[in-house]
Amino acid sequence: MVRSGNEDGGSRAKLFELLFEAKGSIVPSSHITERLSLTRQAVFKLICALKDEGVPIESIPQKGYKMGGLDGVQAVSPTMLDFFLRDNPVFNKCIYVKEIDSTQKIIKKLAAQDAPEGIVAFSEMQTDGRGRRGRNWKGTPDKNLTFSVLLRPNLMPCEVQLLNLASGLAVKETLIKECGIPAELKWPNDVLCRGKKLCGILSEAAGEADKVYYAVTGIGVNLNMEKDDFPEDIRDIATSVFIESGAKAPRWKVLVRLLDIFASYLKLLEAKNGAESMLKIYRTGCDTIGKHVKVIQDDDTFTGEAVRITQQGALVVLTPSGEMTFAAADVFHLREA
Ligand code: BTN
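Quick caveat: nothing in here was measured; it's all calculated off a predicted structure.

Chemist: What's the story with the pattern of salt bridges in this structure? I'm lost.
Modeler: Pairing between side chains of opposite charge can happen when the charged atoms of each approach one another. Within the structure shown, the criterion is met by 23 salt bridges. Among the salt bridges present, the one from R12 reaches E53, with a minimum N-O distance of 2.5 Å. Note that R12 is positioned in helix α1 (residues 11–21) and E53 in helix α3 (residues 40–53), a separation of 41 residues in sequence. Classification of R12 as buried rests on a relative accessible area of 6%.

Chemist: What should I look at first to understand the confidence of the model for the protein chain in this one?
Modeler: Low-confidence regions, as indicated by low pLDDT, have predicted coordinates that should not be scrutinised in detail. Residues with a pLDDT of 70 or more make up 97% of the protein chain, whose mean pLDDT is 94. Between residues 1–5, whose pLDDT stays under 50, and residues either more than four places distant or in other chains, the model counts 19 contacts.

Chemist: Looking at this model, I keep getting lost on the sheet that holds strand β2 (residues 27–28). Mind explaining?
Modeler: Two orientations exist for strands paired in a sheet by backbone hydrogen bonds: parallel and antiparallel. Pairing within the open sheet is antiparallel, and its three strands lie in the order β2-β4-β3. What marks the edges here is a single partner per strand, and that holds for β2 and β3 (57–60). Where β3 and strand β4 (residues 64–67) come together, four bridges link them in antiparallel fashion. Paired with S59 across the two strands is Y65, which belongs to β4.

Chemist: Just to check I follow, could you spell out the site of the ligand for this structure?
Modeler: The local shell around the ligand holds 20 residues, among which S102, Q126, R130, R132 and K197 are the closest. For the ligand, an oxygen atom lies 2.7 Å from a polar atom in the backbone of R132. When isolated, the ligand has an accessible area of 410 Å², and the protein chains bury 99% of it. Looking at the shell around the ligand, the elements that each hand over two or more residues are α5 (103–112), β7 (145–151), β10 (196–208) and β11 (211–221). The element contributing the most residues to the shell around the ligand is β10, with four residues.

Chemist: Explanation requested: the pairing of strand β5 (residues 93–100) in the structure shown.
Modeler: Regular strands show a simple pattern: their side chains alternate between the two faces of the sheet. Inspection of the sheet shows β5 paired to strand β6 (residues 119–126) by seven bridges, in the parallel sense. Within β6, the residue paired with I95 across the bridge is A121.

Chemist: Where do I start with the packing of aromatic side chains in this structure?
Modeler: Here a ring pair, both rings aromatic, is described through the centre-centre distance and the interplanar angle of the planes. A complete count under the given rule lists ten aromatic pairs for this structure. Judged by centre distance (4.9 Å) and plane angle (35 degrees), the rings of F84 and W252 are tilted. Note that F84 is positioned in helix α4 (residues 78–84) and W252 in helix α8 (residues 251–270), a separation of 168 residues in sequence. Judged by its relative accessible area of 6%, W252 falls in the buried class. Here the aromatic rings of F302 and F326 are separated by 5.4 Å at their centres, their planes lie at 55 degrees, and the arrangement is tilted. Linking F302 in strand β13 (residues 300–309) with F326 in strand β15 (residues 322–326), this pair joins segments that are 24 residues apart in sequence. Of the aromatic side chains, those joined through ring pairs into one cluster are F16, F20, F83, F84 and W252. In this structure, K248 packs its charged tip against the face of F242, placed 4.6 Å from the ring centre. Its guanidinium or amino end placed over the ring of F332, K294 lies 5.3 Å from that ring's centre, counting from NZ or CZ.

What counts, and where the lines are drawn
- Here the residue index of a chain counts from 1 through its sequence in written order.
- In view of the model being predicted, local features appear only for residues whose pLDDT reaches at least 70, and side-chain atom pairs are presented and counted only at 80 or more, with totals across whole chains, interfaces and linings using the full set of residues.
- No hydrogens and no water enter the side-chain calculation; it runs on all heavy atoms of the structure.
- A pair is scored as a salt bridge if a Lys or Arg side-chain nitrogen falls within 4 Å of a carboxyl oxygen belonging to Asp or Glu.
- Labels follow the DSSP assignment, with helices taken as runs of H or I lasting at least four residues and strands as runs of E lasting at least two, numbered in each case from the N terminus.
- For every residue, the accessible area (1.4 Å probe, protein chains only) is compared with the maximum for its type, and the residue is labelled buried under 20%, exposed over 50%, or partly exposed between those bounds.
- The score called pLDDT rates the predictor's confidence residue by residue, from a low of 0 to a high of 100.
- Residue contacts are defined here by distance: any two heavy atoms, one from each residue, within 4.5 Å place the two residues in contact.
- At least two DSSP bridges between two strands are required for those strands to pair.
- What makes a residue near a molecule or strand is one non-hydrogen atom of that residue sitting within 4 Å of it.
- For the purposes of these results, a polar contact is taken to be a pair of N or O atoms within 3.5 Å, where, inside protein, one atom must be able to donate a hydrogen and its partner to accept one; residues adjacent in sequence count only when each atom of the pair is a side-chain atom.
- Working definition of accessibility: Shrake-Rupley area with a 1.4 Å probe, residue cover restricted to the visible protein chains.
- Put simply, two rings from Phe, Tyr or Trp (the six-membered ring, in Trp's case) pair if the centres are within 6.5 Å, and we call them stacked under 30 degrees between planes, edge-to-face over 60, tilted for the rest.
- Whether a charge sits over a ring comes down to the Lys NZ or Arg CZ being within 6 Å of the ring centre and within 35 degrees of the ring normal.

Printed below as a string of structure tokens:
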């Protein structure tokens, strides 16, 4: 099922706005019916639809409706997403899907149909979530952030790694600011907490030798999973914001903040000397630099000290046989070098 907050000819969105702007006061039913030009029964249906999405609305008999505070809401409501992303300069079109094989697939399909940049496909549950190097990405329904975005960057194919770096940086910053946990960024874009994986990012691109047609960046953040929710084989290497902070995160709010920060990095990348400015921030925020690392590329394994990030976002490692540059690889932090 695909739902978006723009169903009902926009009435659901208008009703949300009306209740939100009342800041917790009761909005009389007569005021709503008048403003939306709808019958009481039609308004009641919209109220039920918003409640179904997880929006906290209270019906006050004989008076009207009022909206509760949104900070504690863990649901990802499509109407709330549309509302809070309305000023996002990149990500202001959201598709909400309860269950899908993989959000990467929806976005790739839309990209092939010439859809514009900035569409976000969010799903509560993926039945065939894809990870890097053909691995699976599993999650528990209604607890995480699982989404993909369509990008049409003005970059050369050899610069696509910059999108990976920008997305990882955005996730790290969001989790620190919004959830207060000590998130770490492992090159190129894994986000960890106390060495365990919190978030995985998969970027796939299509283009020619000198042009990127589109890129799809898929992000999976373990937000409210409990220890037992993780499959046993990854329980010791994966974690969630809830496990690390002891608090359930408002998923919609984390998603909105993440998309705001990601958009600001994408805008930075478009600016003059923007790649260099973004890399400057990335080099400071990347916890891989200065660490002793194990790097796995295809069937080969290398160890050494991660020393720097190149202009194209590659990782340079000082190995016993000299410096090696990795454009893409799996990296494991071993210890401080
Ligand atoms: C990794 O291997 O670390 C990358 C995992 C990426 C998972 C996300 S979840 C949303 C999007 N849809 C997918 O099928 N994969 C990505």
